[in-house]
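Residue-level structure breakdown
Spelled out, the chains give:
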Amino acid sequence: MEHSKLIETTINFVKEKLRNAEGGHDWFHIERVYKNTLLIAKEESCNLLVCELGALLHDIADSKFHYGDETIGPKTARDFLEKENVPEEIIDHVIAIIENISFKGGNFEKKFHSIELDIVQDADRLDAIGAIGIARCFNYGGFKNRTLYNPEIQPNLNMTKDEYKNADSPTINHFYEKLLLLKDKMNTTAGKKIAAQRHLYMECFLEQFYSEWEGKE
């Protein structure tokens, strides 16, 4: 199947699979990551098809919504790509991206490395910071019925992968446990540049949040 037709078919597949997904992990999240991927890929020497498929399929079955099962996403993506007769080496690369893209508490070491993974990972992380990152953070916190903030509950910066997956701390803590850490974990030059600006926006938001929380002018 030609490149453009495969991408169109993949987009339609993802839209259908994520029709009723939580607002921070729906088709629009995928679309933003896809656009970020194209933006970063322009600055890198890479296999664009792998980047595009990796971006479109990276959250096809997020383990957070499947009882922590991390095998469903890769299996769903592989079944789709095999049905579309995508070459095996492309499929393997895309699956490796899906399996290694996630933050997982920041203590997860990637078992696979490629410029394509670096690009898609940066694109995904950019959607977790800045204005949209803030919106997604509170949307998911509401979805999980978490408190906004509790000054008595301190962020845990040394969580294991399982502790991170099962955390139920206040939403504001997530800024310190993940969002504010992402700027220094970016892989590409373009990703780092965009992340720096979005990181600053989050710092300004938190300053305003605490000021309002304390009843200051």
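Conventions and cut-offs
- Residues numbered from 1 in each chain as written.
- Predicted model: local features only at pLDDT ≥ 70, side-chain atom pairs only at ≥ 80, totals over all residues.
- Heavy atoms only, no water.
- Core = buried A, V, L, I, M, F, W, Y, C linked by side-chain atoms within 4.5 Å.
- Buried < 20%, exposed > 50% of the residue type's maximum accessible area, 1.4 Å probe, protein only.
- Helix = DSSP H or I, 4+ residues; strand = E, 2+ residues; numbered from the N terminus.
- Axes fitted to C-alpha atoms, helices over the stretch in contact; angles between N-to-C directions.
- Parallel < 35°, antiparallel > 145°, perpendicular 65-115°, else oblique.
- Left-handed = near helix turned anticlockwise from the far one by under 90°.
- Contact = heavy atoms within 4.5 Å.
- Nonpolar A, V, L, I, M, F, W, Y, C, P; charged D, E, K, R; others polar.
- Phe/Tyr/Trp six-rings, centres within 6.5 Å; stacked < 30°, edge-to-face > 60°.

This brings us to the nonpolar core. Burial of nonpolar side chains together is a common tendency in soluble globular proteins. In this structure, Leu53, Leu57, Leu81, Val94 and Phe175 are the most contacted members of the largest nonpolar core, which totals 53 residues. Ranked by residues supplied to this core, first place goes to helix H3 (residues 48–57) with 7 residues.

As a further point, take the packing of helix H4 (residues 72–83) against helix H5 (residues 88–100). Relative to each other, H4 and H5 sit at 160 degrees, their axes nearing to 10 Å. Here H4 lies roughly antiparallel to H5, going by the angle between them. Crossing of H4 against H5: the hand is right-handed. For the pair formed by H4 and H5, the contact residues are Gly73, Pro74, Ala77, Arg78, Leu81 and Glu82 on the first element and Glu88, Ile91, Asp92, Val94, Ile95, Ile98 and Glu99 on the second. Here the residues of the contact of H4 with H5 sort into 7 nonpolar, 1 polar and 5 charged.

A separate point is the packing of aromatic side chains. Tallied over the entire structure, the rule returns 11 aromatic pairs. With a centroid separation of 6.0 Å and 70 degrees between ring planes, the pair formed by phenylalanine 138 and phenylalanine 205 is classed as edge-to-face. Here phenylalanine 138 is found in helix H7 (residues 130–143), whereas its partner phenylalanine 205 is found in helix H10 (residues 189–213), with 67 residues between them in sequence. Judged by centre distance (6.1 Å) and plane angle (40 degrees), the ring pair of phenylalanine 205 and phenylalanine 209 falls under tilted. Within this pair, phenylalanine 205 and its partner phenylalanine 209 are both found in helix H10, separated by 4 residues, close to a single helical turn. Feature note: the residues Phe138, Tyr149, Phe175, Phe205, Phe209, Tyr210 and Trp213 constitute an aromatic cluster, connected by ring pairs.

None of this, on its own, says anything about what the molecule does.
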